[in-house]
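Structural overview
The primary structure of each chain is shown beneath.
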Amino acid sequence: MLASHSRVEGTQELPDLPAIAARLGGRARRASEGAYPDVLAAMSPQELRTLGDEYLARTKVHRKLGRPFFIDKNPTNWIHVGLIQLILPNARIIDARRHPLGCCFSAFKQHFAEGQTFSYALEDLGRYYADYVALMAHFDDVLPGRVHRVIYEQMVADPEAEVRRLLAHCGLPFEEGCLRFYENDRAVRTASSEQVRRPIYADATGHWRNYEPWLDPLKSALGPVLAAWPEAPR
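Summarised in this report is the structure supplied together with it. All of these numbers come straight from a predicted model, not from anything done at the bench.

**Details of the side chain of Ser119**
Counting through the fold element by element, Ser119 comes out in the loop between α4 (100–109) and α5 (122–142). A residue is classified by how much of its surface remains accessible, and Ser119, at 1% relative accessible area, is buried. A distance of 2.7 Å separates the side chain of Ser119 from the backbone oxygen of Gln116, its partner in a polar contact. Discounting chain neighbours no more than four positions away, the residues touching Ser119 are Ala107, Phe108, Phe112 and Leu125.

Now the structure itself:
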């Protein structure tokens, strides 16, 4: 939807933020820990600006259209919200959230060749999702309003209202083309490549219910996160 706006360029799942974070982490003291993100607290404003400039320089190769804004939709960017806040203070951060069982089951049935090792077991998926919710709640508390949350089910139910909220957060005027995203012919090389060629549809919102009898390990791992759904968008 954003990539269908005249001022926004869609790229891909860019590796640059995780690469910068990995470099900042250095050699771990123990297998279970590293220097990142604690190292950020010791960095000067100039050092942080330099990292932001590095990120923009690294990602420039993906920008072909000369539009003022671009999207980095790497699915692990949520881990680096603190880094983003410090090195890219003008970035708009969007948390696209879906029902925990729908989100986790969708990842479980999608074969990721590499990089998403948490998706191979229901228990791992549940713990990963719960950690994600906890970290986002932390940033909601310490940086209220910094992260804009889009609830997938609400987007499906009322796309125009949700797109207007999203664009307002990004400081962009509403454009009808964002609702006709399926007409955008740009190349998409991620797991959503087929969905973005269709208008919004509700078929998948409850797809996980067909497999609910086998999702108990996932439910147990999610714990209170599942009981708390739906959270109000902020």
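After that view, the rundown keeps rolling.
**Quick notes on the side chain of Thr59**
Relative to the assigned elements, Thr59 resides in helix α2 (residues 45–59). Given the relative accessible area of 0%, Thr59 is considered buried. There is a polar contact of 2.9 Å between the side chain of Thr59 and the backbone oxygen of Tyr55. With near-sequence residues (within four places) excluded, Thr59 lies in contact with Leu14, Asp16 and Phe70.

**Focus on the packing of aromatic side chains**
The tally for this structure, following the rule as stated, stands at seven aromatic pairs. Arranged with centres 5.4 Å apart and planes meeting at 90°, the rings of Trp78 and Tyr128 form a pair that is edge-to-face. Taken together, the positions of Trp78 in the loop between β2 (69–71) and α3 (81–87) and Tyr128 in helix α5 put the pair 50 residues apart, joining distant regions of the chain. Tyr128 sits in the partly exposed class, given a relative accessible area of 21%. Aromatic pair Phe181 and Tyr182: ring centres 5.6 Å apart, planes at 80°, arrangement edge-to-face. The exposure class assigned to Phe181 is buried, which follows from its relative accessible area of 12%. For Tyr182, a relative accessible area of 29% corresponds to the partly exposed category. Grouping aromatic residues by their ring pairs yields a cluster made of Trp78, Phe118, Tyr128, Tyr129 and Tyr132. Taking the ring centre of Tyr152 as reference, the NZ or CZ of Arg98 above it sits at 4.8 Å. Over the face of the ring belonging to Phe174 we find Arg164, whose NZ or CZ atom lies 3.8 Å from the ring centre.

**Re helix α7 (residues 159–169)**
Think of an α-helix as turning once every 3.6 residues; residues three or four places apart then point the same way. Within α7 the residues assigned to the buried category are Glu162, Val163, Leu166, Leu167 and His169. For α7, the arc enclosing every buried residue in end-on projection is 155°, short of the 170-degree limit, so these residues lie on one face. On its buried side, α7 packs onto β3 (93–97), β4 (147–151) and α6 (152–157). Directly after α7, the chain includes Gly171, whose backbone phi takes a positive value near 70°.

**Here's the deal with α2**
Spanning 15 residues, α2 covers 21 Å between terminal C-alpha atoms, matching the ideal 21 Å at 1.5 Å per step. Within the sequence span of α2, burial applies to Leu48, Leu51, Gly52, Tyr55 and Thr59. Take α2 and look down its axis: the buried residues cluster within an arc of 100°, on one side only. Facing away from the buried side of α2 by more than 90 degrees, the exposed set consists of Asp53 and Ala57. Looking at the buried residues of α2, the elements they touch are α1 (16–25), β2 and α3.

About the criteria used
Residues numbered from 1 in each chain as written. Predicted model: local features only at pLDDT ≥ 70, side-chain atom pairs only at ≥ 80, totals over all residues. Heavy atoms only, no water. Helix = DSSP H or I, 4+ residues; strand = E, 2+ residues; numbered from the N terminus. Buried < 20%, exposed > 50% of the residue type's maximum accessible area, 1.4 Å probe, protein only. Polar contact = N/O pair within 3.5 Å; in protein donor to acceptor, adjacent residues only side chain to side chain. Contact = heavy atoms within 4.5 Å. Phe/Tyr/Trp six-rings, centres within 6.5 Å; stacked < 30°, edge-to-face > 60°. Lys NZ or Arg CZ within 6 Å of the ring centre and 35° of its normal. Arc of directions from axis to C-beta. Expected span 1.5 Å × (residues − 1).

Note that every value here comes from positions in space, so none of it alone points to a role or purpose.
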